[in-house]
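Residue-level structure breakdown
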Amino acid sequence: MRKALTLITAICGISAVTLAQAPDGASKNTQPIAKSRILQVDSAVVTKHQVTIKGQLISYTATAGCMPVWDEDGRPVAGVFYTYYERDGIADRSNRPLVISFNGGPGTPSVWMEIGYTGPRVLNTDSEGYPVQPYGIGENHNSILDIADIVYIDPVNTGYSRIVDKNTPGTKFFGVNEDIKYLAEWINTFVTRKNRWSSPKFLIGESYGTTRVSGLALELQNSQWMYLNGVVLVSPTDLGINRGGPVQSALKLPYFAATAWYHKALAPDLQQKELTDILPEIENFTINQLIPAISRGGFLDSTERLNIAAKIARYSGLSEKVVLDNNLDVSYDLFWKELLRDKGFTVGRLDSRYKGIDRQIGGSTADYNAELTAWLQEFTPSINIYLRDELNYKTDLKYNMFGNVWPWDNANDQTGENLRQAIAQNPFLHLLIQSGYYDGACDYFNAKYSLWQIDPSGRLKDRLQWKGYKSGHMIYLRKEVLPTAAEDLRKFIEASTPKPGQAAKY
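Criteria and thresholds
- Residues numbered from 1 in each chain as written.
- Predicted model: local features only at pLDDT ≥ 70, side-chain atom pairs only at ≥ 80, totals over all residues.
- Heavy atoms only, no water.
- Helix = DSSP H or I, 4+ residues; strand = E, 2+ residues; numbered from the N terminus.
- Buried < 20%, exposed > 50% of the residue type's maximum accessible area, 1.4 Å probe, protein only.
- Contact = heavy atoms within 4.5 Å.
- Areas by Shrake-Rupley, 256 points an atom, 1.4 Å probe, with all protein chains shown as cover.
- Lys, Arg positive; Asp, Glu negative; His and termini not counted.
- Charge placed at Lys NZ, Arg CZ, Asp CG, Glu CD.
- Expected span 1.5 Å × (residues − 1).
- Pairing = 2+ DSSP bridges.
- Phe/Tyr/Trp six-rings, centres within 6.5 Å; stacked < 30°, edge-to-face > 60°.
- Lys NZ or Arg CZ within 6 Å of the ring centre and 35° of its normal.
- Polar contact = N/O pair within 3.5 Å; in protein donor to acceptor, adjacent residues only side chain to side chain.
- Axes fitted to C-alpha atoms, helices over the stretch in contact; angles between N-to-C directions.
- Left-handed = near helix turned anticlockwise from the far one by under 90°.
- Salt bridge = Lys/Arg side-chain N within 4 Å of Asp/Glu carboxyl O.
- Nonpolar A, V, L, I, M, F, W, Y, C, P; charged D, E, K, R; others polar.
- Core = buried A, V, L, I, M, F, W, Y, C linked by side-chain atoms within 4.5 Å.

As for the overall build of the chain
Of the regular secondary structure elements, the chain holds 14 helices and 17 strands. Each principal axis of the C-alpha distribution contributes one length, and for the chain these read about 80 × 55 × 50 Å. Across the 506 residues that make up the chain, the buried fraction comes to 58%. Residue pairs in contact within the chain that sit at least 24 positions apart in sequence constitute 71% of those at least 6 positions apart. For the chain, the exposed surface amounts to about 20300 Å²; the carbon and sulfur share of it is 50%. Computing the positive centroid from 53 side-chain charges and the negative centroid from 54, the chain places the two 3 Å apart.

Here's the deal with helix 14 (residues 482-496)
In a regular helix each residue adds 1.5 Å, so 15 residues correspond to 21 Å; helix 14 covers 21 Å between its end C-alpha atoms and thus fits that length. Listed in full, the buried residues belonging to helix 14 are Leu482, Ala485, Ala486, Asp488, Leu489, Arg490, Phe492, Ile493 and Ser496.

Regarding the pairing of strand 5 (residues 56-70)
Within a regular strand, side chains alternate between the sheet's two faces. Where burial is concerned, most of strand 5 is hidden: 11 out of the 15 residues are buried. In this structure, the hairpin formed by strand 4 (residues 43-53) and strand 5 is closed by a connection of 2 residues, where Lys54 is found at a positive phi of approximately 55°. Here strand 5 runs beside strand 6 (residues 76-87); their pairing, made up of 11 bridges, is antiparallel. The residue bridging Ala64 from the neighbouring strand is Thr83, located in strand 6. Here strand 5 hands over to strand 6 after 5 residues, with Gly74 in that stretch at a positive phi of 80°.

Focus on the packing of aromatic side chains
Applying the stated rule across the entire model yields 33 aromatic pairs. Ring centres 6.2 Å apart and planes at 65° place the aromatic pair Tyr437 and Trp466 in the edge-to-face group. Of the two residues, Tyr437 is situated in the loop between strand 16 (430-436) and helix 13 (444-454) and Trp466 in strand 17 (residues 464-469); the sequence distance between them amounts to 29 residues. With respect to burial, Tyr437 and Trp466 carry one shared label: buried. Of the aromatic side chains, those joined through ring pairs into one cluster are Tyr437, Tyr444, Phe445, Tyr449, Trp452 and Trp466. Here the basic side chain of Lys252 rests over the ring of Tyr332, its NZ or CZ set 5.8 Å away from the ring centre.

Here's the deal with the environment of Glu304
Turning to its location among the elements, Glu304 is positioned in helix 8 (residues 302-316). Under the relative-accessibility criterion, Glu304 is labelled partly exposed at 29%. As a C-alpha pair, Glu304 and Ala293 span 11 residues in sequence and 8.3 Å in three-dimensional space.

Regarding the side chain of Thr210
Examined against the element boundaries, Thr210 turns out to sit in helix 3 (residues 208-223). The exposure class assigned to Thr210 is buried, which follows from its relative accessible area of 0%. Polar side-chain contacts of Thr210 include one of 2.6 Å to the backbone oxygen of Ser207. A polar contact is formed between the side chain of Thr210 and the backbone nitrogen of Thr237, at a distance of 3.1 Å. Beyond its immediate chain neighbours, meaning those up to four positions away, Thr210 contacts Gly205, Leu233, Val234, Ser235, Pro236, Thr237 and Leu239.

Focus: the packing of helix 7 (residues 275-295) against helix 13
Packing of helix 7 against helix 13 brings their axes to within 12 Å, and their N-to-C directions diverge by 60°. The way helix 7 lies across helix 13 gives a crossing that is right-handed. Judged by residue contacts, Leu279, Glu283, Thr286 and Ile287 of helix 7 engage Tyr444, Phe445, Lys448 and Trp452 from helix 13.

Structural notes on the pattern of salt bridges
Scanning all chains against the criterion turns up 25 salt bridges. Salt bridges sharing partners connect three or more residues here, namely Glu86, Arg93, Arg96, Asp149 and Arg196.

Thoughts on the packing of helix 7 against helix 8
If you want to describe how two helices pack, look at the angle between their axes and the distance between the axes. At their nearest, the axes of helix 7 and helix 8 sit 11 Å apart, and the two run at 145° to each other. Crossing handedness for the pair helix 7 and helix 8: left-handed. Across the interface between the two elements, Glu281, Ile282, Phe285, Gln289, Leu290 and Ala293 of helix 7 pack against Ile308, Lys311, Ile312 and Tyr315 of helix 8. Across the contact of helix 7 with helix 8, the residue classes break down as 7 nonpolar, 1 polar and 2 charged.

Topic: unusual backbone geometry
Of the consecutive residues Gly105 and Pro106, the connecting peptide bond is found in the cis state with omega at 15°. Relative to the assigned elements, Pro106 resides in the loop between strand 7 (98-102) and helix 1 (111-118). At the junction of Trp406 and Pro407, the peptide bond is cis and its omega measures out at 0° in the coordinates. Tracing the chain through its elements places Pro407 in the loop between helix 11 (370-390) and helix 12 (415-425). The phi torsion at Ser207 lies on the positive side, around 60°, for a residue other than glycine. What makes Ser207 buried here is its relative accessible area of 17%.

Topic: the side chain of Glu128
Along the chain, Glu128 falls in the loop between strand 8 (121-123) and strand 9 (137-139). Polar side-chain contacts of Glu128 include one of 2.9 Å to the side chain of Arg478.

Notes on helix 2 (residues 176-193)
An ideal rise of 1.5 Å per residue puts 26 Å on 18 residues; helix 2 measures up with 26 Å between its terminal C-alpha atoms. Considered for burial, the residues of helix 2 that qualify are Val176, Asp179, Ile180, Tyr182, Leu183, Ala184, Trp186, Ile187, Asn188, Thr189, Phe190 and Val191. The positive-phi residue at the C-terminal boundary of helix 2 is Asn195, with phi of around 55°.

Some words on the nonpolar core
Ile153, Trp186, Ile187, Phe190, Leu216, Val231 and Leu431 are the most contacted members of the largest nonpolar core, which totals 95 residues. Once residues lying within four places of it in the same chain are set aside, the contact partners of Phe190 are Met67, Tyr82, Tyr84, Leu98 and Val151.

A look at the pairing of strand 6
With respect to burial, strand 6 is a largely interior element, 11 of its 12 residues being buried. As defined by bridge partners, strand 6 adjoins strand 10 (residues 149-154) across 5 bridges and the pair is classed as antiparallel. Following the sheet pairing, Tyr85 is matched in strand 10 by Ile150.

Structural data, given as structure tokens:
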């Protein structure tokens, strides 16, 4: 629900805009914030709203705008678009958590979690997350805005964010470590402008956003002297943690099993059990039998090879022949093509609940990602409608759902180790990982493996936790999962916010 006041503030050549009373009682701009496709690098639109969260009516202020990225001489070289939500009526924000949110790609904006998961508005879908028409958004009764303020940040070339200095190369932004460095500087500016230095701070990232926030946790500490209370990784990447060879080959099997269970492709004795009841057995087999078997390659005893293949087939829903033909190491691509081949479908990469139809049933890879096509169909119109009609940010710039950030420099990705260092150095810092069992891009068992490797000493594990959900990459798109995942996030933030006077020490 929107209230009556809309304010425009701007720097860098944009003047204040006259307000006009709209028919629905909400004040609206009489002109766009930018009449052309030229980004206004320092601008903001402020609007007032209400939302009901867990039965409580919450009034809040939304700011949609751009803030500069500065070069070494203090000149703006890029503008980063953001949306910032503050609960109204909070006199003292020194103990009010601030959640800083990113998505991934690395070329995508923060739209996915903003209108899918944690923000006060949520896009319209069916109960499983599939597109419905008319497109649009409604109240998110599971938003975390009741207990934390939130800023959603779109890195350069995503959303409305753009490079504005033609002499500044993309290499300043487009790389694992370059991305972390400039965003840490930007966060410092944001926190300073919004007077949030005293607030408990949390980073949340999804997909490549988990690489980003894992690196930012240490960069903020070391270069900006900003210390966090929590990091949340939703559907995490490998975080630069080495897992080549037999380990990499084996770790995907539990995900295969979860997907096969969802599509009722397992043997009857497994299929009749709950998913979470069968996964521990498959995880144990993966660690204790499959990794050693693959390690022995062609020198594995032939009888044992057949036994291992039979187990993989039993747990994956594939035939023993397919498993043997691929030397006990079926690729993700082949699995997505093969599992439902006899029914004429492929399964999705980011969410294996989704099914696709290829040009031909034969082949070893799917023609397209069925789930991503569905998500773009529903998120793209919804975010454009929302930003223009509700947040009043009107511009002719195209909102980049996937921006050009290539070539992306993946060299020297030490973000998992960076995160470990940040947690070790800061006794206040906690970690939560949230994974979907049906996610094949950032699968849940690889996320567990990362968690284990982040704490090889075992001395940090009282501050680390992992949660799994019967969903895909975007865990929150299943309506039965959203309340649980949001509540887990809410509890994590509350538990990781120290009591007044509590000291950060071992």
